[in-house]
Amino acid sequence: MAFKYITLISRQGKVRLAQWFITIPQKEKDKTIKDVSMLVLSRRNKMCNFIEVKDTKVVYRKYASLYFIAGIDMNDNELITLEIIHRYVEILDRYFGNVCELDLIFNFQKAYFILNEMIMAGELQEPSKRAIVRAIVRQDEVEARENAERGWGDIKLEGVAKTALLSLQEFKQSLTR
């Protein structure tokens with residue numbers, strides 16, 4: 001399984017996340033995302049989730065208001081790609097507690113971190129949801145400790161960040177049971 005890129009776009013065509021695993025010029029990346037976005041957004045719901053574009057197989061899945069799109073090699077398995085996309089969404093859901101587009105907008109660094117824990121250099125590295133969430137929890141603990149050492153103390157959390165923290169605390173409790 002060799003990913004070329006993974007991108008998340010909204011129904012309006014706005015890019016919410018774009019991770020590239022191949023080296024191409026920025027102009028070509030922008031054109032690819034624009035072309036693929038237009039193709040995916042113009043398809044009806046009951047159509048197949050696989051499209052062949054040039055030398056790439058595009059696999060996508062819609063969750064709520066976001067399209068999760070992966071560009072893979074022509075000889076790679078589309079169903080495994082759909083499963084990896086679904087696994088990513090499950091991890092986002094577990095971390096954020098029913099993830100939505102706003103979670104990804106305001107916490108994009110966590111979305112990238114989760115993706116980077118799962119996929120490295122275009123290859124699936126860690127399939128375990130539990131292991132990935134544990135790594136995120138450890139990162140959050142280190143970040144909280146560093147913030148305390150800097151004297152930033154408790155930061156007032158509102159909205160999405162507060163929901164994420166509460167779901168993270170619930171998840172930590174479920175690991176200890």
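About the criteria used
- Residues numbered from 1 in each chain as written.
- Predicted model: local features only at pLDDT ≥ 70, side-chain atom pairs only at ≥ 80, totals over all residues.
- Heavy atoms only, no water.
- 1 Å grid on protein atoms, 1.4 Å probe; cavity = no way out; pocket = protein on both sides within 12 Å on 5 of 7 lines; lining within 4 Å.
- Points joined across faces, edges and corners; volume = space filled by probe spheres on them.
- Helix = DSSP H or I, 4+ residues; strand = E, 2+ residues; numbered from the N terminus.
- Nonpolar A, V, L, I, M, F, W, Y, C, P; charged D, E, K, R; others polar.
- Salt bridge = Lys/Arg side-chain N within 4 Å of Asp/Glu carboxyl O.
- Buried < 20%, exposed > 50% of the residue type's maximum accessible area, 1.4 Å probe, protein only.
- Polar contact = N/O pair within 3.5 Å; in protein donor to acceptor, adjacent residues only side chain to side chain.
- Contact = heavy atoms within 4.5 Å.
- Expected span 1.5 Å × (residues − 1).
- Phe/Tyr/Trp six-rings, centres within 6.5 Å; stacked < 30°, edge-to-face > 60°.

Taking an unreviewed UniProt entry as the reference, the protein chain is identified by name as AP-1 adaptor complex sigma subunit Aps1 belonging to Spiromyces aspiralis.

Turning our eyes to something else, we now look at the layout of surface pockets. Size it by volume and the second largest pocket reaches roughly 260 Å³. Forming the boundary of the second largest pocket are 15 residues, of which E28, T32, K54, D55 and T56 lie nearest the centre. Among the elements of the structure, β1 (3-10), α1 (26-41) and β4 (56-63) are those that each provide at least two residues to the lining of the second largest pocket. The element best represented in the lining of the second largest pocket is α1, accounting for five residues. By residue class, the composition of the lining of the second largest pocket is seven nonpolar, two polar and six charged.

Let us look at empty space enclosed by the protein. Scanning the entire structure with this criterion turns up one cavity of 30 Å³ or more. Put simply, the largest cavity is a space of about 40 Å³. Contributions of two or more residues to the lining of the largest cavity are made by β1, α2 (78-96) and α4 (108-118). Ranked by the residues each element gives to the lining of the largest cavity, the list is headed by α2, at three residues. Of the residues that constitute the lining of the largest cavity, the class distribution is nine nonpolar, no polar and no charged.

Let us now look at the pattern of salt bridges. Summed over all chains, the structure comprises eight salt bridges. Here E90 and R87 are joined by a salt bridge, their closest N and O atoms 3.9 Å apart. Residue E90 and its partner R87 are located together in helix α2, separated by three residues, close to a single helical turn. What makes E90 partly exposed here is its relative accessible area of 27%. Here R87 falls in the partly exposed class, since its relative accessible area comes to 23%. Put simply, K129 and E90 hold a salt bridge, and the shortest N to O gap is 3.1 Å. With K129 in helix α5 (residues 129-149) and E90 in helix α2, this residue pair connects regions lying 39 residues apart in the sequence. The structure contains a network of salt bridges with shared partners spanning R87, E90 and K129.

Summarising the element assignment, T56 is placed in strand β4. Judged by relative accessible area, which is 9%, T56 ranks as buried. Engagement of the side chain of T56 in a polar contact is seen with the side chain of K4, the distance being 3.1 Å. At 3.4 Å, the side chain of T56 and the side chain of D55 are in polar contact. Leaving out residues up to four positions away in the same chain, T56 has contacts with K4, Y5, I51, G71, I72 and M74.

What follows is about α5. Between its terminal C-alpha atoms α5 stretches 30 Å, which fits the 30 Å expected from 21 residues at 1.5 Å a residue. Those residues of α5 not exposed but buried are I132, V133, A135, I136, V137, D140 and N147. In the segment just after α5, G151 is the residue with positive phi, at about 85 degrees.

Below, the discussion takes up the packing of aromatic side chains. Scanning the model with the defined rule gives six aromatic pairs in all. The interplanar angle of 55 degrees and the centroid separation of 6.5 Å between the aromatic rings of F3 and F21 together place this pair among those described as tilted. With a gap of 18 residues between them, F3 in strand β1 and F21 in the loop between β2 (15-20) and α1 connect regions that are remote in the sequence. Accessibility classification places F3 together with F21 in one group, the buried group. Taking 5.5 Å as the distance between ring centres and 90 degrees as the angle between the ring planes, the aromatic pair formed by Y63 and F68 counts as edge-to-face. Each member of the pair, Y63 together with F68, is buried.

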